[in-house]
Amino acid sequence: MFKTPVLLVLYNRVEETHNLFQIIRKLKPEKLYVAADGANRNIKIDYQMCLKTRSVIMPEWKCETKFLFHDEHLGKSKNVYQAISWLFENEEEGIILFDDTLPNLDFFHYCEQLLEKYRNTPQIMHIGANYLERRKKYLKNSYHYTAYSFIWGFATWRRAWEGFELDVQDNADEVFAVIDKYVNNPLEKIFCHRIYNVLRKFNLDYWEYQYNYHIWLQNGLCISPNVNLVTNVGFKKRKRRVRKLMKKSTPILPLQHPETIERNKKADNYTFRKVYQRRLSRIFADWFNELILRQKKEL
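Residues numbered from 1 in each chain as written. Predicted model: local features only at pLDDT ≥ 70, side-chain atom pairs only at ≥ 80, totals over all residues. Heavy atoms only, no water.

(A) Region of interest: the overall build of the protein chain. Of the regular secondary structure elements, the protein chain holds 11 helices and 10 strands. Taking all 299 residues of the protein chain together, 55% fall into the buried category. Long-range pairs, those at least 24 residues apart, make up 82% of the contacts in the protein chain between residues at least 6 apart in sequence. Split by element, the accessible area of the protein chain, about 14,900 Å² in all, is 50% carbon and sulfur. (Helix = DSSP H or I, 4+ residues; strand = E, 2+ residues; numbered from the N terminus. Buried < 20%, exposed > 50% of the residue type's maximum accessible area, 1.4 Å probe, protein only. Contact = heavy atoms within 4.5 Å. Areas by Shrake-Rupley, 256 points an atom, 1.4 Å probe, with all protein chains shown as cover.)

Next up, the structure:
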């Protein structure tokens, strides 16, 4: 039995949730939290798809299972925020997975070990699961430290989540001062400034960026493995440029720990170029579909 609590965040992906749950069945966690967004009333079959997705979760092992099923459609960011906040109302630490992810079983034990190792290290706020570069033969350690919080499966603590809000409440000068402590590349700095200008100006909820800002505000760092541990299957419906990020997962155990806590800026530069640099237009598209057209958001 696996002792660390696991949270599954769902919406309406029946097949993907089924595939994810097969992995959870092998793991057999002692505590399983399940949060699901409500159906979008403007999508005819959404209610049926949401019910089918929820019905997938039927643990047959001895397990303390808790459910948070919403009747109303909250949208991605509010659903995630409420789900993780709910987890940490009950637990000190936990592992979070989404219905468009497929983790390697090593991912759970990697998280468990690092949750314990860094439990009392405030600087470490996030344990990620993704590595998008090709495996470098010279990498002797199992993971590195990064400024970026990949969220396609991760683990964290109540202490790290505490104080996170969906809106950026600081004024522009304070926000930019926080960003500039982490970002030196001029192009990257312009990108980050524009992201937060958009979030503030249009009062958008885009939790990935707001969560990363929360970590920077606390002078925090994240952990990223030097192999990929979780496959984001949601990318298979994206354009070819994005589908390239759908990396297969591989084992990581036993862990080889770095000797010192030091940010890997070379890896961060790669992350910015390959993942973040061209995503500003997607924020507008998601916001327009979700709030203006009330269409289903394809994540």
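So, next bit.
(B) View of the sheet that holds strand 9 (residues 221-225). The strand order across the open sheet built from 8 strands is 3-2-1-4-8-6-9-7, with neighbouring strands paired in mixed fashion. Unpaired on one side and paired on the other, strand 3 (64-69) and strand 7 (143-146) mark the two borders of the sheet. Strand-to-strand twist in this sheet, taken as the mean axis angle between neighbours without regard to direction, amounts to 25 degrees. One ladder, built from 4 bridges, connects strand 1 (residues 6-10) with strand 4 (residues 93-98); its direction is parallel. Paired with Val 9 across the strands is Phe 98, a residue of strand 4. On the sheet, helix 1 (residues 14-27) packs against strand 1, strand 2 (31-36) and strand 4 and is oriented at approximately 170 degrees with respect to strand 1. (Pairing = 2+ DSSP bridges. Axes fitted to C-alpha atoms, helices over the stretch in contact; angles between N-to-C directions.)

(C) The arrangement of helix 8 (residues 207-217) in detail. Where burial is concerned, most of helix 8 is hidden: 10 out of the 11 residues are buried. Every buried residue of helix 8 is accounted for by Trp 207, Glu 208, Tyr 209, Gln 210, Tyr 211, Asn 212, Tyr 213, His 214, Ile 215 and Trp 216.

(D) Structural view of the packing of aromatic side chains. Counting across every chain of the model gives 22 aromatic pairs. On the basis of an interplanar angle of 75 degrees and a centroid distance of 5.2 Å, the ring pair of Tyr 33 and Trp 86 is categorised as edge-to-face. Linking Tyr 33 in strand 2 with Trp 86 in helix 3 (residues 76-90), this pair joins segments that are 53 residues apart in sequence. When its relative accessible area of 1% is taken as the criterion, Tyr 33 is described as buried. Relative accessible area serves as the criterion here: at 12%, Trp 86 is assigned to the buried category. Measuring from centroid to centroid gives 6.0 Å for Tyr 143 and Tyr 145, while their planes differ by 85 degrees, and the two rings are edge-to-face. For the pair shown, Tyr 143 and Tyr 145 are each scored as buried. A connected cluster of aromatic rings, assembled from ring pairs, spans Tyr 81, Phe 98, Phe 154, Trp 161, Phe 164, Trp 207 and Tyr 211. For Lys 117, the ring lying beneath its charged end belongs to Tyr 118, and the centroid distance is 5.6 Å. (Phe/Tyr/Trp six-rings, centres within 6.5 Å; stacked < 30°, edge-to-face > 60°. Lys NZ or Arg CZ within 6 Å of the ring centre and 35° of its normal.)

(E) Structural context of the pattern of salt bridges. Following the criterion strictly, the structure yields 12 salt bridges and no others. For the salt bridge of Lys 76 with Glu 208, the shortest nitrogen-to-oxygen distance reads 2.4 Å. Residue Lys 76 is found in helix 3, and its partner Glu 208 is found in helix 8; the two are separated by 132 residues along the sequence. Considered together, Lys 76 and Glu 208 belong to a single accessibility category, that of buried residues. (Salt bridge = Lys/Arg side-chain N within 4 Å of Asp/Glu carboxyl O.)

(F) Structural view of the pairing of strand 2. Strand 2 sits mainly inside the fold: 5 of its 6 residues count as buried. Looking at chain direction, strand 1 and strand 2 are connected through 5 bridges and run parallel. The residue of strand 2 that forms the bridge with Val 9 is Ala 35. In the classification by handedness, the crossover that spans strand 1, the intervening helix 1 and the parallel strand 2 is right-handed. Here 6 bridges tie strand 2 to strand 3, and the two strands are oriented parallel to one another. Each bridged residue has a counterpart across the sheet, and for Val 34 the counterpart in strand 3 is Phe 67. Read as a crossover between parallel neighbours, the route from strand 2 over helix 2 (residues 46-55) to strand 3 is right-handed. (Right-handed = clockwise from strand over helix to strand, strands pointing away.)

(G) The arrangement of helix 3 in detail. Compared with the 21 Å implied by 1.5 Å per residue over 15 residues, the 22 Å span of helix 3 between its first and last C-alpha is a close match. Every buried residue belonging to helix 3 is among Lys 76, Ser 77, Asn 79, Val 80, Ala 83, Ile 84, Ser 85, Trp 86, Leu 87 and Phe 88, and all of these are buried. (Expected span 1.5 Å × (residues − 1).)

(H) Spotlight on the environment of Val 34. Tracing the chain through its elements places Val 34 in strand 2. The spacing of Val 34 and Leu 10 is 24 residues in sequence and 7.5 Å in space, taken between C-alpha atoms. For Val 34, the contacting residues outside a window of four places in its chain are Leu 7, Leu 8, Leu 10, Ile 57, Lys 66, Phe 67, Leu 68, Phe 69 and Trp 86.

(I) Seen up close, the packing of helix 6 (residues 172-182) against helix 7 (residues 186-201). Two elements in contact, helix 6 and helix 7, have axes separated by 10 Å at closest approach and are oriented at 145 degrees. Seen from above, helix 6 lies across helix 7 with right-handed handedness. Residue-level contacts link Ala 172, Val 175, Phe 176, Ile 179 and Asp 180 of helix 6 to Lys 189, Cys 192, His 193, Tyr 196, Asn 197 and Arg 200 of helix 7. In terms of residue class, the contact of helix 6 with helix 7 is made up of 6 nonpolar, 2 polar and 3 charged. (Left-handed = near helix turned anticlockwise from the far one by under 90°. Nonpolar A, V, L, I, M, F, W, Y, C, P; charged D, E, K, R; others polar.)

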